[in-house]
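Each chain, letter by letter, is given below.
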Amino acid sequence: MKKLIISAAITLLAGLTVKAQITGTITTKNHEPLTGATVTLLHLPDSVQVTGKIADVDGRFTFTGIKPGPYGVKASMVSFGTRYSAAVNYKGQPLTLPVMILTEYQKALKEVTVSATVPQLQQKSDRLVVNVEKLNTTGDNALEVLKKAPGVKLDKDDNILYRNNAGVVIMIDGRRTYMSSLELSNYLKSMPGNSISKVELIANPPGNYDAEGTAGMINIIMKRNKMQGYSGTANASYGKYGKAYGGINLNYNTGKFSLYTRANTGYYDSYNKLNLSRQIGNELYNQYNFWHPKTTSTSYVIGGDFYASKRSTFGLMFKGYNNPTDAEVTSRSVTLNALGQRTGGVLGLNPQKSNTGTYNFNANYSFAIDTLGQKLSIDADYVHSSSFMNQSYTNTYFDGNNNPIGIPVQLQSSAPVNYNIRAIKADYILPIANHWQFEAGLKSSGVNTHSNVNFDSVKAVGPVLDLRRSNDFKYDENINAAYVTLSKPFGTRWDAKVSLRAEQTVSAATSLNHPEIAPVKRNYLQLFPSAFITYKADDNNQLNASYSRRISRPNYNSLNSAIRYTDPYTAIQGNPYLQPSISQSYVLNYTYKSFQILSLSYLKVSDDVSLVATQNDQTKETISTYQNLGSTQSLAATSAGSFNIAKWWNVNYEVDAAYNKVSTVVQGQPYNSSRFAWSGHTDQTFFLPNNFKAQVSAEYDSPSINGLARTLSASQIDASVSKTFMDKRMTLSFKVRDIFFGNRYRSILQYNNINTRWNNEYESRRFTLGLTYNFGNTKLKAARNRQTGSSTEEGRM
């Protein structure tokens, strides 16, 4: 398969020819290259747009396949002016324009300073961008910031849902995170929200991205600076219930070398209260769980780029994450008969100690083969992650009169997990005749995991292994992929792109101490097409339509059949027989001046993975097992935008409406559920005299469905005030979060003999004081934002 794809690509490339071009360079008045400047080729004398480009890392741009005739070039960039080149008569031969210099705006208001006009939400051709820097994120962690993005929600376990689906890939600066859902949630909780610059929501990623993620991808872009020199940012915040965050972001760029490092550390002391009510026959089982974790987290990134020449760039990056946590967990349960009389109860004490350490090394190389846009890039990754969770359980049982029954039951468990991931990929870009662009790439990745979950009963003679609840599990996986992409502008109004990606998956799952579970081996090839089309009615109005077929393979933990208990009567069990989920996704966007006026999307997922609860009415034990559902569907509409009521009053809004449907068979019985849901979010920002800024935010989520659960409504109102000092280098902020304490997860689970109500409450109401200081050159040239070769495998751990 690989040889066939490579041979076809070489044959195609050999027949392609590149025409002459118009080239140029965009700089500041200090002759610094303006990376990312927008460059437009205009046909004269009517100034009709022919095509557009983005200036590269050296500020260069190239237009190819241009017909002879009179042309002009327009260059612009946010915070800089706009400049037009002199008219040129292009005769079909290579032409280099004089350097175009853009001047930075220097505009000050006397009493009220309004921030840049970049909107909070920007709709681009293939993604929706949330400009987080427009928000006051003091006291928010990264998970809470992410939840504010359109279409993003959290389930009862703080797992991230996008488009009402858990099959979403999370990237940070274009790189996947090598963590399980729980580890990713804890990692984002440990990261200060004010270290985030943007959040990109990509519902239908093109073929150069991995096909993983039935709902799409979310890319979190961290803050960086943009000009040569040195710079940094230091931040700190403190909140009630023992929370403190601190971080520093350092950059140094000489033009030949670009070095960067980012480090964050935090102490997170919080709580989670769960009230659970189960109807079991004629009895009512009420349970109260209190989880009190104390986490000290550290994350760091260090890397650099070496610009060997104008065409060659080498890069190295190392990042790590460590998250030791101690948690005290208490559970109290009471059983009531049909008359409401107490018949028994259990008190459970469950101290936990855990840690996750993840280390990622990336090496990359980029080579501009010529000045026409032909480019080759290579990425290689190695990731090692290890984690453990050690727990002890002391369960004391009581009769109806609250008298202890016998001696307490002693249990313990340990769950060490190790992952090793290797990946390498290559991407090639070739502009060809008549404005066509060809892209192709190859990738191969290998994953080895080992998880040994031991569950012991503590007897007088010592621990006794409970084989039913334990499992020594190994999983090996290899994915080989290839893709091709073709794109072309048609005139000045239409752009089109089509991609085809092929992925072969070879895997083996083995339960070493359960011979009754046969090894599960799979070998399958899947094709993943995607298509994009853009219509520009004029400079302000634009339509985008896209389609993609995608896959979500089961995360590695969900394949392990070991039973993991959260209290004496509640547990989660993996399933080695899980199948991958396949999605079909359609999106249509209408935008006005980069504002998302309306977005329509349809997502259908087959074999969607969800937890399905099985209840034993005699023992009152409920075990939730990962299973494939028949299908889930979501038809959604979103409108979002930004406008000024006055020069000092800015409003951002977002409204979502969706019809969600689940059709499947649960434990041999048909199950169908559907629900219309809506949500809304608004930020009111007030720019006040003397560099003060105030902000009030409000959000509401209506009842909805998620998997087999019916969720109830939730709301939140925040208020904050900030002031800048020292020529806007220092910012002092104070924030009150969830003033009316309405943000909680409530749900109802009803099917077969299951009748359960959840009320999950956490420390959403917080008071936080934060300080941020920017030093050095605050416009340092950014280090490259790369998608590494391991981007698919991250997040499935």
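Procedures and definitions
- Residues numbered from 1 in each chain as written.
- Predicted model: local features only at pLDDT ≥ 70, side-chain atom pairs only at ≥ 80, totals over all residues.
- Heavy atoms only, no water.
- Helix = DSSP H or I, 4+ residues; strand = E, 2+ residues; numbered from the N terminus.
- Buried < 20%, exposed > 50% of the residue type's maximum accessible area, 1.4 Å probe, protein only.
- Areas by Shrake-Rupley, 256 points an atom, 1.4 Å probe, with all protein chains shown as cover.
- Core = buried A, V, L, I, M, F, W, Y, C linked by side-chain atoms within 4.5 Å.
- Contact = heavy atoms within 4.5 Å.
- Salt bridge = Lys/Arg side-chain N within 4 Å of Asp/Glu carboxyl O.
- Pairing = 2+ DSSP bridges.
- Axes fitted to C-alpha atoms, helices over the stretch in contact; angles between N-to-C directions.
- Patch = residues over 30% accessible without salt bridge, like charges linked within 9 Å, V, L, I, M, F, W, Y side chains within 5 Å.
- Polar contact = N/O pair within 3.5 Å; in protein donor to acceptor, adjacent residues only side chain to side chain.
- Phe/Tyr/Trp six-rings, centres within 6.5 Å; stacked < 30°, edge-to-face > 60°.
- Lys NZ or Arg CZ within 6 Å of the ring centre and 35° of its normal.
- pLDDT = per-residue confidence, 0-100.

**A closer look at the overall build of the chain**
Here comes step 1: Helix and strand counts for the chain come out as three helices and 52 strands.
Here comes step 2: The proportion of buried residues among the 797 residues of the chain is 52%.
Here comes step 3: For the chain, the accessible area works out to roughly 34,300 Å², and carbon and sulfur atoms hold 58% of it.

**Remarks on the nonpolar core**
Here comes step 1: Counting residues in hydrophobic clusters, the biggest one holds 33 residues, and the most contacted among them are Leu146, Ile160, Leu188, Val199 and Ile218.
Here comes step 2: Residue contributions to this core peak at four residues, all from helix α2 (residues 142-147).
Here comes step 3: Not counting the four nearest positions on each side in its chain, valine 199 is found in contact with Leu128, Val129, Val130, Val132, Leu146, Ala149, Ile218 and Asn219.
Here comes step 4: Within the second largest apolar cluster, 19 residues are counted, among which are Ile26, Ala55, Val73 and Tyr90.

**Looking at the pattern of salt bridges**
Here comes step 1: If you walk through the whole model with that rule in mind, you get 14 salt bridges.
Here comes step 2: Arginine 127 is the partner of glutamate 200 in a salt bridge, and the nearest nitrogen-oxygen pair spans 2.9 Å. With glutamate 200 in strand β16 (residues 196-202) and arginine 127 in the loop between β10 (121-123) and β11 (128-131), the pair connects residues that are 73 residues apart, well separated along the chain.
Here comes step 3: On the basis of relative accessible area, glutamate 200 is assigned to the buried category, the value being 10%.
Here comes step 4: The residue glutamate 503 makes a salt bridge to arginine 553 at a minimum N-O spacing of 2.7 Å. Of the two residues, glutamate 503 is situated in strand β33 (residues 494-511) and arginine 553 in the loop between β35 (541-552) and β36 (563-567); the sequence distance between them amounts to 50 residues.
Here comes step 5: Note on glutamate 503: relative accessible area 2%, which makes it buried.

**Topic: the sheet that holds β36**
In a beta sheet, neighbouring strands are held together by backbone hydrogen bonds and run either parallel or antiparallel to one another.
Here comes step 1: A sheet is described by the order of its strands in space; here four strands give the open sequence β36-β37-β41-β40, paired in mixed fashion. The open sheet terminates on both sides in strands that have one partner only, identified here as β36 and β40 (609-615). The average angle at which neighbouring strand axes cross in this sheet is 30°, direction not considered.

**Observations concerning a nonpolar patch on the surface**
Here comes step 1: A cluster of nonpolar residues, Leu688, Phe692, Val721, Phe725, Met726, Leu732, Phe734, Phe767, Leu769 and Leu771, forms a patch on the protein surface that exposes about 810 Å² of accessible area.
Here comes step 2: Put simply, the parts of the chain that give the nonpolar patch at least two residues each are β48 (714-725), β49 (730-737) and β52 (766-776).
Here comes step 3: Per-element tally for the nonpolar patch: the top contributor is β52, with three residues.
Here comes step 4: Following the sequence through the fold, phenylalanine 725 ends up in strand β48.
Here comes step 5: On the basis of relative accessible area, phenylalanine 725 is assigned to the partly exposed category, the value being 32%.

**What about the pairing of strand β34 (residues 520-536)?**
Here comes step 1: In this sheet, β34 lies alongside β33 in antiparallel orientation, the contact comprising 16 bridges. When the bridges of β34 are listed, alanine 502 appears paired with leucine 527.
Here comes step 2: With antiparallel pairing between neighbouring strands as the criterion, β34 and β35 make up a hairpin whose turn holds four residues.

**Things to note about the environment of glutamate 133**
Here comes step 1: Along the chain, the position of glutamate 133 falls in the loop between β11 and α2.
Here comes step 2: Its relative accessible area of 46% is what places glutamate 133 among the partly exposed residues.
Here comes step 3: Between the C-alpha atom of glutamate 133 and that of serine 197, which follows or precedes it by 64 residues, the distance is 5.6 Å.
Here comes step 4: Other than its neighbours up to four places away in sequence, glutamate 133 contacts Ile196, Ser197 and Lys223.

**Examining helix α3 (residues 181-190)**
Here comes step 1: In terms of burial, α3 is a largely internal element, seven of the ten residues being buried.
Here comes step 2: Taken together, the buried positions of α3 are Glu183, Leu184, Ser185, Tyr187, Leu188, Lys189 and Ser190.

**Overview of the sheet that holds β10**
Here comes step 1: Taken in spatial order, the six strands make up an open sheet running β10-β11-β16-β17-β14-β15, and their pairing is mixed. Among the strands making up the open sheet, the edge pair consists of β10 and β15 (175-176).
Here comes step 2: In this structure, strand β14 (residues 168-172) lies alongside strand β17 (residues 216-222), joined through five bridges in parallel fashion. Bridging from a neighbouring strand, valine 169 pairs with methionine 217 of β17.

**Overview of the side chain of threonine 505**
Here comes step 1: Take threonine 505: it is sitting in strand β33.
Here comes step 2: Among the polar contacts listed, one links the side chain of threonine 505 to the side chain of arginine 553, at a separation of 3.2 Å.
Here comes step 3: Discounting residues that sit within four places of it in the chain, threonine 505 has contacts with Glu477, Asn478, Ile479, Arg522, Asn523, Tyr524 and Arg553.

**Here we look at the packing of aromatic side chains**
Each aromatic ring pair is summarised here by two numbers: the centre-to-centre distance and the angle between the ring planes.
Here comes step 1: In this structure the tally under the stated criterion is 22 aromatic pairs.
Here comes step 2: Taken together, the ring pairs connect Phe314, Tyr365 and Phe367 into an aromatic cluster.
Here comes step 3: The lysine or arginine in question, lysine 488, covers the ring of phenylalanine 490, its NZ or CZ lying 5.3 Å from the ring centre.
Here comes step 4: The positively charged end of lysine 723 is found above the aromatic ring belonging to phenylalanine 725, 5.1 Å away from the centroid.

**Some words on the confidence of the model for the chain**
Low pLDDT means the predicted coordinates in that region are not meant to be read closely.
Here comes step 1: Of all residues in the chain, 89% attain a pLDDT of 70 or more, and the chain-wide mean is 84.
Here comes step 2: Per-residue pLDDT, averaged within each element of the chain, yields its smallest value for helix α1 (residues 2-14) (42) and its largest for β33 (95).
Here comes step 3: Counting contacts from residues 106-117, a segment whose pLDDT is below 50, to residues more than four positions away or on other chains yields 14 contacts.
Here comes step 4: Confidence drops under pLDDT 50 across residues 778-786; counting only partners more than four residues distant or on other chains, this segment forms 52 contacts.

**Description of unusual backbone geometry**
Here comes step 1: For methionine 726, which is not glycine, the phi torsion reads 50° and is therefore positive.
Here comes step 2: Position of methionine 726 relative to the elements: it lies in the loop between β48 and β49.
Here comes step 3: The exposure class of methionine 726 is partly exposed, given its relative accessible area of 48%.
Here comes step 4: In this structure, phenylalanine 741 takes a positive phi of about 55° despite not being glycine.
Here comes step 5: In this fold, phenylalanine 741 is placed in the loop between β49 and β50 (745-751).

**Focus: the pairing of strand β51 (residues 754-762)**
Here comes step 1: Bridge analysis of strand β21 (residues 272-280) against β51 gives seven bridges, and the strand direction is antiparallel. The residue of β51 that forms the bridge with asparagine 272 is tyrosine 762.
Here comes step 2: As paired strands, β50 and β51 are joined by seven bridges and run antiparallel to one another. Across the sheet, residue tyrosine 745 finds its bridge partner in β51, namely asparagine 760.
Here comes step 3: Once β50 ends, the chain turns through two residues before running back antiparallel as β51, passing asparagine 752 with a positive phi of about 50°.

**A short note on the side chain of glutamate 477**
Here comes step 1: Mapped onto the elements, glutamate 477 comes out in strand β32 (residues 471-490).
Here comes step 2: For glutamate 477, a relative accessible area of 4% puts it in the buried group.
Here comes step 3: Engagement of the side chain of glutamate 477 in a polar contact is seen with the side chain of tyrosine 475, the distance being 2.8 Å.

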